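# Secondary and tertiary structure notes
Take a look at the letters that make up each chain.
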Amino acid sequence: MSPRARSVLGVAVMSVLLVLYFVFAGIRAVALLASQEPIPVMMGAAMLILPLIGVWALVRELQFGRSATRLADRLAAEGGLPEEPVATHPSGRPVREDADAAFPRYRDEAEADPASWRAWMRLGIVYDACGDRRRARGAIRQAISLERDEIRR
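Residues numbered from 1 in each chain as written. Predicted model: local features only at pLDDT ≥ 70, side-chain atom pairs only at ≥ 80, totals over all residues. Heavy atoms only, no water.

### Digging into the overall build of the protein chain
Of the regular secondary structure elements, the protein chain holds five helices and zero strands. Helices (α) and strands (β) of the protein chain occur, in sequence order from the N terminus, as α-α-α-α-α. Its C-alpha atoms give the protein chain a radius of gyration of 21 Å, clearly above 15 Å, the size a compact globule of 153 residues would have. Dimensions along the principal axes, computed over C-alpha positions, put the protein chain at roughly 65 × 40 × 25 Å. Looking at the 153 residues of the protein chain, the share that counts as buried comes to 25%. (Helix = DSSP H or I, 4+ residues; strand = E, 2+ residues; numbered from the N terminus. Rg over C-alpha atoms; globule rule 2.2 N^0.38 Å. Buried < 20%, exposed > 50% of the residue type's maximum accessible area, 1.4 Å probe, protein only.)

### Description of the environment of Ala-76
Among the structural elements, Ala-76 can be located in helix α2 (residues 38-77). Looking at Ala-76, the relative accessible area reads 37%, which means it is partly exposed. Between the alpha carbons of Ala-76 and Ala-34 there is a distance of 54 Å; along the sequence they are 42 residues apart.

### Some points on the packing of α2 against helix α4 (residues 117-130)
Close contact between α2 and α4 brings their axes to 11 Å; oriented N to C, the two are set at 105°. The angle between α2 and α4 falls in the class roughly perpendicular. Across from Ala-68, Leu-71, Ala-72, Arg-74 and Leu-75 in α2, the residues of α4 making contact are Trp-117, Arg-118, Met-121, Arg-122 and Ile-125. (Axes fitted to C-alpha atoms, helices over the stretch in contact; angles between N-to-C directions. Parallel < 35°, antiparallel > 145°, perpendicular 65-115°, else oblique. Contact = heavy atoms within 4.5 Å.)

### Regarding the nonpolar core
Residues Phe-103, Tyr-106, Leu-123, Val-126, Tyr-127 and Cys-130 are the most contacted members of the largest nonpolar core, which totals 13 residues. Looking at this core, the elements that each hand over two or more residues are α3 (96-112), α4 and α5 (133-152). It is α4 that provides the largest number of residues to this core, a total of six residues. Those residues in contact with Tyr-127, other than ones at most four positions away along the chain, are Phe-103, Asp-132, Arg-135, Ala-136 and Ala-139. Counting 10 residues, the second-largest nonpolar core is a separate cluster that includes Phe-64, Ala-68, Trp-117 and Ile-140. (Core = buried A, V, L, I, M, F, W, Y, C linked by side-chain atoms within 4.5 Å.)

### Here's the deal with a nonpolar patch on the surface
Residues Met-1, Leu-9, Val-13, Met-14, Val-16, Leu-17, Val-19, Leu-20, Val-23, Phe-24 and Ile-27 make up a contiguous nonpolar surface patch of about 1,100 Å² in total accessible area. With respect to the element layout, Phe-24 can be found in helix α1 (residues 3-34). Accessibility expressed as a relative area gives 56% for Phe-24, which makes it exposed. (Patch = residues over 30% accessible without salt bridge, like charges linked within 9 Å, V, L, I, M, F, W, Y side chains within 5 Å. Areas by Shrake-Rupley, 256 points an atom, 1.4 Å probe, with all protein chains shown as cover. Salt bridge = Lys/Arg side-chain N within 4 Å of Asp/Glu carboxyl O.)

### A look at α3
Given a rise of 1.5 Å per residue, 17 residues ought to cover 24 Å, and the 25 Å separating the end C-alpha atoms of α3 matches this to within 8%. Those residues of α3 not exposed but buried are Ala-99, Ala-102, Phe-103, Tyr-106 and Ala-110. (Expected span 1.5 Å × (residues − 1).)

### As for the pattern of salt bridges
Within this structure, the stated rule accounts for 13 salt bridges. With its nearest N and O atoms 1.9 Å apart, the salt bridge here joins Arg-133 to Asp-128. Judged by its relative accessible area of 24%, Asp-128 falls in the partly exposed class. Shared partners join several salt bridges into a network, and the residues in it are Arg-70, Arg-74, Glu-78, Arg-118, Glu-147 and Glu-150.

### Concerning unusual backbone geometry
Positive phi, normally seen in glycine, also occurs at Gln-36, with a value near 60°. If you trace the backbone, Gln-36 turns up in the loop between α1 and α2.

Now the structure itself:
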């Protein structure tokens, strides 16, 4: 099974489990609301609100993943993925030192052309390879936003 297929399967399984959790939490919340006593009613209300926030977060993460994958596929089809040979561990993850060595080029490229979604996507891919998930997500979000703006024009 390819790494991408494993990732999709993992996301699907976790999403189903999370939805099941939301359903069971909702059932418990309704039972607490039915008690008509102040503290259980407050707990029931909280148990209804938290799963709603969870559903919102799940949908948002799935949209991010779909958009990021679409842009990475588009970049790959254009031959625009980062080109440096980077050694990988048996798990398929890049060796951090190799990824760190490639990082300055892509950071400079994004700074030189801040309106290019391609530059930001490459930077996000390299950040991810370096293990900096927060910055990777930020750069990829920027790429998604810029690409949407490009389509609107």
